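Results of the structural survey
Listed below are the residues making up each chain.
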Amino acid sequence: SPALPLLGLSIGDGCGHTLLTPQSGTLSSRNYPGTYPNHTTCRWRLRTPPGTFLLLTFGDVDLEPSEHCARSSLLLTDPQAGISYGPYCRNAVPATPLLVTNSSTVTVLFNSTSHRSGRGLLLSYATTQHPGKRERPPETPPGWGSHHPCPPTIPMCFSVYCPAGCKDIDGDIWGNPSQGYRDTSVLCKAAVHAGVIADEQGGQVTLAREKGITLYESAFANGLHSKRGSLSEKRLLFHKGILPISPQMKPWFWQPDPVLPRLPSCHVPLPACADVLEVAAFNASSWWHEVDALGQDRAWGAQWAALSTTGHSWAAEPGSEAAWLELDLGTRRNITGIITKGSSEQHDYYVRSYRVSSSRDGKNWRPYRGSNGQEDKVFEGNTDSHGEVSNAFIPPIVGRYVR
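Below is a summary of the structure that appears in this document.

How each quantity is defined
- Residues numbered from 1 in each chain as written.
- Predicted model: local features only at pLDDT ≥ 70, side-chain atom pairs only at ≥ 80, totals over all residues.
- Heavy atoms only, no water.
- Pairing = 2+ DSSP bridges.
- Helix = DSSP H or I, 4+ residues; strand = E, 2+ residues; numbered from the N terminus.
- Contact = heavy atoms within 4.5 Å.
- Axes fitted to C-alpha atoms, helices over the stretch in contact; angles between N-to-C directions.
- Core = buried A, V, L, I, M, F, W, Y, C linked by side-chain atoms within 4.5 Å.
- Buried < 20%, exposed > 50% of the residue type's maximum accessible area, 1.4 Å probe, protein only.
- Disulfide = S-S within 2.5 Å.

Another aspect to go through is the pairing of strand 19 (residues 234-238). In terms of strand pairing, strand 13 (residues 180-182) meets strand 19 through two bridges, oriented antiparallel. For Arg182, the partnering residue across the bridge sits in strand 19 and is Arg235. Judged from the five bridges that link them, strand 14 (residues 203-211) and strand 19 form a sheet pairing that is antiparallel. Bridging across to strand 19, Leu207 finds its partner in Phe238.

Take the sheet that holds strand 13 next. Hydrogen bonds along the backbone pair up the strands of a sheet, which may run parallel or antiparallel. The five strands are arranged 11-14-19-13-12 in an open sheet whose pairing can be described as antiparallel. Two strands bound the open sheet, and with one partner strand each, they are strand 11 (157-162) and strand 12 (175-176). Contacts from helix 1 (residues 187-194) reach strand 11, strand 12, strand 13, strand 14 and strand 19, with the element oriented near 50 degrees to strand 19.

Further remarks concern the nonpolar core. Formed by 25 residues in total, the largest nonpolar core has its most connected members in Trp44, Leu46, Leu56, Leu74, Leu76 and Val108. Listed by contribution, the elements that provide at least two residues to this core are strand 2 (15-20), strand 4 (41-47), strand 5 (54-62), strand 6 (72-78), strand 7 (83-88), strand 9 (105-112) and strand 10 (120-127). Considering each element in turn, this core owes the most residues, four residues, to strand 5. Here Leu74 is in contact with Phe58, Val61, Leu63, Tyr85, Gly86, Pro87, Tyr88, Val108, Leu109, Leu121 and Leu123, once residues within four sequence places are set aside. Counting 23 residues, the second-largest nonpolar core is a separate cluster that includes Cys166, Tyr181, Val186 and Ala191.

Across all of its chains, the model carries three disulfides by this definition. Two residues share a disulfide in this structure: Cys15 and Cys42, whose sulfurs sit 1.9 Å from each other. In this structure, the disulfide formed by Cys15 and Cys42 twists by about 95 degrees around the S-S bond and is classed as right-handed. Of the two residues, Cys15 is situated in strand 2 and Cys42 in strand 4; the sequence distance between them amounts to 27 residues. Judged by its relative accessible area of 19%, Cys15 falls in the buried class.

Here it is, written out as structure tokens:
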């Protein structure tokens, strides 16, 4: 028979948030962390590359107790080794939060009958290619592993592997990439917000635990809203090597700089960033010619698209389809993110979503497809005309022209 594709499968009406990739993933029962439904089932088949072993983390297993877990259960089977783990429920929980298998294929089965309570389950996995994934750091707080497969807090400096799919797990984050994050934030969710990993891919993150600040400002970035938060004793700062640099719809771009200063508390190399990436020229598919009450004409041309420009911004001709804004950076650059903003003047204009293309010569254009490479990526834009929204390019764009 033909070989099975190297990706996970989920089947059943009891499946909740699920993101399975060959390298890592996250899975949960339906309604998690609310009560899971009666008489449901979900079967996940996890497959990783040959020659690797699966590491599974039990973030939360809260299934109503019963004798032999007959009413609700979690069962894991390793078909290659002929081994089963479980069944698990509230009165028969896993012995440790980390399960190291000797297999690249594991089947996870969740079943429920009639019950009254239980959050359900939340698990994550990675492969032995990422050995740092679930090593519990020294002085890990008691809340680690409770409800979250990604640790919520860390010691002064730590590197951890975040699985794919942490963006949509339950839990809050406070802060933003420039300030850092309140140390009670869900760590891997904050890493997605900060743009250091792509949610659909996951990855290794390195961060420092620094002195906290009085107030954490909220921000919308990479499809996630963070909250405004008050004073905390510690904050989380991600090693990322990117920082905003300029241009508008209103966008900014950023790129790394070879200078490598060190974090004083954990001595992790942290690439600094260059100054604003200057835009040599703007171009657009069309622009709006506004006629005010006095009959005066004002063009919302492409030249008004720079974030540093005061007054109105660029706007396409009303009714135009497939509108685009083009930026010429003057030379080929490594572009790792974008920040957009709506009009800063009287009209409440902004872009809700957009795609990005790049070119090295201004003639041949390549759509940006992100880390999975399957479909053109649609970025979440703004929800009002005054807030800034950032999105990271993982992997980066290399080119001179961006649309």
